[in-house]
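Descriptive structure summary
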Amino acid sequence: MLKNAFLTLVALAIAIGGGGSSVWYALKAQDGVGAIRIGQWTAFPEIGTQAADPYSKARVAREGVLALGRAEGLSFIAERDAGGDQLRRECAYMIEGGFPTARFWTLYAADQSLGVVDTDRPRLAALQSYQVLRQPDNSVIITVGNRPAPGNWLLTEGFGRMYFVLTFYDTPIASSTGLSDVTLPRIVKAGCNA
């Protein structure tokens, strides 16, 4: 009798623990149900619509963010560089390439909670489309790191994981047909502090 009760408790612990950790992983992972991937960037185009899957709705509820509707825009998150390595705050990166058509876009370095990285300086770890310098072909080159760089510089400081959040506002790519021909800038690692 005691053996059956013990086995039942073990089975329940495994079921509850396994179920809880699988849900935690599904909500934490940037890939998953409803995700689209373009290069190193991942987005959930249905997240702010009625058609959003339950995991997307739970992700929005857990993080307490205001999801953009389809007509408002689309956010992309990058957690790895072009070489497949996780983005690190102690490393320098080059974000280079063209940006899709949008009325306005923002780019910021984010911490684990997807909030802007704290730099302990007056300069934020964020850029927007009206303040960047463009190349003759309308592409953009952004240097990311803790040392000032000429041109477009995105300040990051500290140690640990980092994400890039690129949000396009009032853009045709927010529609499902607009995502087929989209190319986003590459994230190339330039080096890391020892």
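Note: the structure precedes this text.
A brief look at the structure comes next. (Residues numbered from 1 in each chain as written. Predicted model: local features only at pLDDT ≥ 70, side-chain atom pairs only at ≥ 80, totals over all residues. Heavy atoms only, no water.)

**Description of the packing of aromatic side chains**
Our working definition: Classification of ring pairs uses Phe, Tyr and Trp, with its six-membered ring standing for Trp, and accepts pairs whose centres are within 6.5 Å; under 30 degrees between planes counts as stacked, over 60 as edge-to-face, and the remaining range as tilted.
Enumeration according to the criterion identifies 6 aromatic pairs in this entry. When the ring of phenylalanine 99 is compared with that of tryptophan 105, the centres are 4.2 Å apart and the planes differ by 5°; the resulting orientation is stacked. Ring-pair connections join several aromatic residues into one group, and the members of that group are Phe76, Phe99, Trp105 and Phe168.

**Structural notes on the pairing of strand E9 (residues 163-169)**
Let me state the cut-off plainly: A simple rule labels every residue: compare its accessible area, found with a 1.4 Å probe on the protein chains alone, to the largest value its type can have, and call it buried under 20%, exposed over 50%, or partly exposed in between. Note on conventions: DSSP H or I runs of at least 4 residues are helices, E runs of at least 2 residues are strands, and numbering of each starts at the N terminus. Here, any two strands with at least 2 DSSP bridges between them count as paired.
Judged by how many residues are buried, E9 sits mostly within the fold: 6 of 7 residues are covered. Across 6 bridges, strand E3 (residues 73-78) lies against E9 in antiparallel orientation. In the strand pairing of E9, serine 75 is matched with threonine 167. Pairing of strand E5 (residues 104-110) with E9 involves 7 bridges; the strand directions are antiparallel. Counterpart to tyrosine 108 in the pairing with E9 is valine 165.

**Quick word on the state of the cysteines**
Selection rule: Disulfides are defined in this document as cysteine sulfur pairs within 2.5 Å.
Per the counting criterion, the structure on display carries 1 disulfide. Linked covalently through their sulfurs, cysteine 91 and cysteine 192 form a disulfide whose S-S length is 1.9 Å. Looking along the S-S bond of the cysteine 91-cysteine 192 disulfide, the torsion reads about 95°, which is the right-handed sense. Of the two residues, cysteine 91 is situated in strand E4 (residues 91-97) and cysteine 192 in strand E10 (residues 186-192); the sequence distance between them amounts to 101 residues.

**Considerations on the sheet that holds strand E6 (residues 126-128)**
Applied cut-off: All axes here are fitted lines through C-alpha atoms, helices being fitted over the stretch that makes contact, and every angle between N-to-C directions spans 0 to 180 degrees.
Ordered by their spatial adjacency, 6 strands build an open sheet running E1-E2-E3-E9-E5-E6, and the pairing between neighbours is antiparallel. Each having just a single partner strand, strand E1 (36-38) and E6 make up the two edges of the open sheet. Each neighbouring strand pair of the sheet contributes to a mean axis angle of 20°, computed without reference to strand direction. Direction of pairing for E5 relative to E6: antiparallel, over a ladder of 3 bridges. The partner of leucine 107 across the bridge, within E6, is leucine 127.

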